[in-house]
Every structure is written in structure tokens, then in C-alpha cells.
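Residue-level structure breakdown
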Amino acid sequence: MKLSIIIPVFNEEKTLADIVQAVEAVHLPGIDKEIILVNDCSGDRSGEIMDELSQQNPRIRSFHHPQNQGKGAALRTGFAHATGDIVLIQDADLEYDPQEYSVLLKPILDGKADVVYGSRFMGGGAHRVVYFWHMIGNRVITLLSNMFTNINLTDVETCYKAFRREILDRIRLEQNRFGFEIEFTAKVAALGCVIYEVGISYHGRTYEEGKKIGWKDGVAALWFILKYNIFRRDSEKK
């Protein structure tokens, strides 16, 4: 069994080496890991650090975008190079703890799930207290997404998503930025994939510490909910 860990990178020179070290330190019995780093045209030393890490470890591969395209585009690049049986998404900051991979992967390894979301709102470990309105926005977006997909997620915008590799052969992803979360959810729900959630810890950071998602991405998410749930179905009927 092989696990492909996709890490999109944009201006994360302060945390990149630490998160890769944390991912490497995770021990998953019977599972080989590959780490795929995708530099989305960072303006700092992220690209150099990535190349240094990949030169030191053959299980790490690095890819670079010549222009900034967004998280969704970086993920697509990573997916295209993934060779594992299971794919897992990991942010390059330190908000999500790789030590929880075993919890995230268990429903898939047990043969129960096709897709697993790591929910920040289901309990689990410690949670740093940060932005109230981010939490409200996330829950509103999750509620609206659930209304159209008819599934009952608690955290649609979470980074932690793990899924069987073959799912990528059945959907076509197109969103370049954070709209990936809504698009992916709508498409795996439409496929009838078996989706599980598990509670995870969350060590959120502030904008001063490098957080990137903003209110404009929240507004865009509302449009993507309609686009990938309502308008997609209408176009399929024509």
C-alpha cells in the first residue's frame, strides 16, 4: 500500500521544512509514503527549500509553477504525479498535524470509506482559538453545501481530505483557488462515494503569521456551490 501526500506551497519558507519533517516522521505500518511538493510560484525561498529536500530524500518530489495559479491548480499538479493507492492533502503550514494520518486513513484502510474529511468541528485534539467570523463563515458554507449535496459534513473547507486514488480518474477538477474544496465535495457526492469524517486537532494561524484565505474566497464559495450542484445538473440535462 502506498500513500501520496500532496503539499501545495506558496510562500511557506518558515514552516516548509518543519512540516515535511513532521510528515516524514509519521509511521504507518505497511504503508509506503511519497511526498509531492508543488511550488505555486512562491516569492520567498520555498522553491529552493523544496529542491533541497527532494535532493536529500528520493521519496520527496518537487514541482514548480512558473506563474501563481492558486491552491487548486497546485493540487491538480500534485494529483497528476501521484502514484499512491491513497491520496492525502497536507497544507505547508503547521495548522494540521500529520500525526493524525492514522485516524484520517483508518476508514479507508478498513474498507469502509472512499473519501475521508478531517473535521475541525467534531472534537478531537487541541484547537487554537482564532477568528470567530471565519468559523461562522465556514459553518454557513458547509451548511449550504450540504443542502445541495444532501450529505451532512461538518467542515467542507478543511484541508485534510484523503481518498482512494482511482476517484481522480472519475472526476475532472478545474478550480484554481480555494474553490477546490466545494468543487471536490460536490463531485465526489455526485459520484455516490462513501464519505466519512473524523475529528482532528487544529492549530490555526493569524494573517500576520501567514494565513491566506479571505472573505472574498468565502463569497466565491457561495457561487461554486451553485455552479457545481445546480448549474452542473442543468447542463447535464441538456
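Report follows, based on the coordinates. Keep in mind that what you see is a predicted model, and the values were worked out from it rather than measured.

Positive phi is not limited to glycine here, since C41 has a value of about 60°. The exposure class assigned to C41 is partly exposed, which follows from its relative accessible area of 30%.

In the structure shown here, the tally under the stated rule is 14 salt bridges. E34 is the salt-bridge partner of R61, the closest N and O atoms lying 3.1 Å from each other. In this pair, R61 is assigned in strand β3 (residues 60–64) and E34 in strand β2 (residues 32–39), connecting sequence segments 27 residues apart. For R61, a relative accessible area of 28% translates into the label partly exposed. Taking the shortest distance from any N to any O, the salt bridge between R120 and D155 comes out at 2.7 Å.

With that out of the way, let us pick up the sheet that holds β3. The strand order across the open sheet formed by seven strands is β3-β2-β1-β4-β6-β5-β7, and the pairing between neighbours is mixed. The open sheet is flanked by β3 and β7 (195–199), the only strands paired with a single partner. Adjacent strand axes in the sheet meet at a mean angle of 20° when their direction is disregarded. In the sheet, strand β5 (residues 115–119) pairs with strand β6 (residues 161–164) via three bridges, with the strands oriented antiparallel. Its bridge partner lying in β6, V115 is registered against F163.

Moving on to the packing of helix α1 (residues 16–25) against helix α2 (residues 46–56). The contact between α1 and α2 brings their axes to 10 Å, and the two run at 30°. As summarised for this structure, α1 and α2 are arranged roughly parallel, according to the angle between their axes. The two elements α1 and α2 cross, and the hand of that crossing is right-handed. For the pair α1 and α2, the contacting residues are L16, A17 and V20 in the first and S46, I49, M50 and L53 in the second. Partitioned by chemical class, the residues of the contact of α1 with α2 number six nonpolar, one polar and no charged.

So, how was this worked out
- Residues numbered from 1 in each chain as written.
- Predicted model: local features only at pLDDT ≥ 70, side-chain atom pairs only at ≥ 80, totals over all residues.
- Heavy atoms only, no water.
- Buried < 20%, exposed > 50% of the residue type's maximum accessible area, 1.4 Å probe, protein only.
- Salt bridge = Lys/Arg side-chain N within 4 Å of Asp/Glu carboxyl O.
- Helix = DSSP H or I, 4+ residues; strand = E, 2+ residues; numbered from the N terminus.
- Pairing = 2+ DSSP bridges.
- Axes fitted to C-alpha atoms, helices over the stretch in contact; angles between N-to-C directions.
- Parallel < 35°, antiparallel > 145°, perpendicular 65-115°, else oblique.
- Left-handed = near helix turned anticlockwise from the far one by under 90°.
- Contact = heavy atoms within 4.5 Å.
- Nonpolar A, V, L, I, M, F, W, Y, C, P; charged D, E, K, R; others polar.

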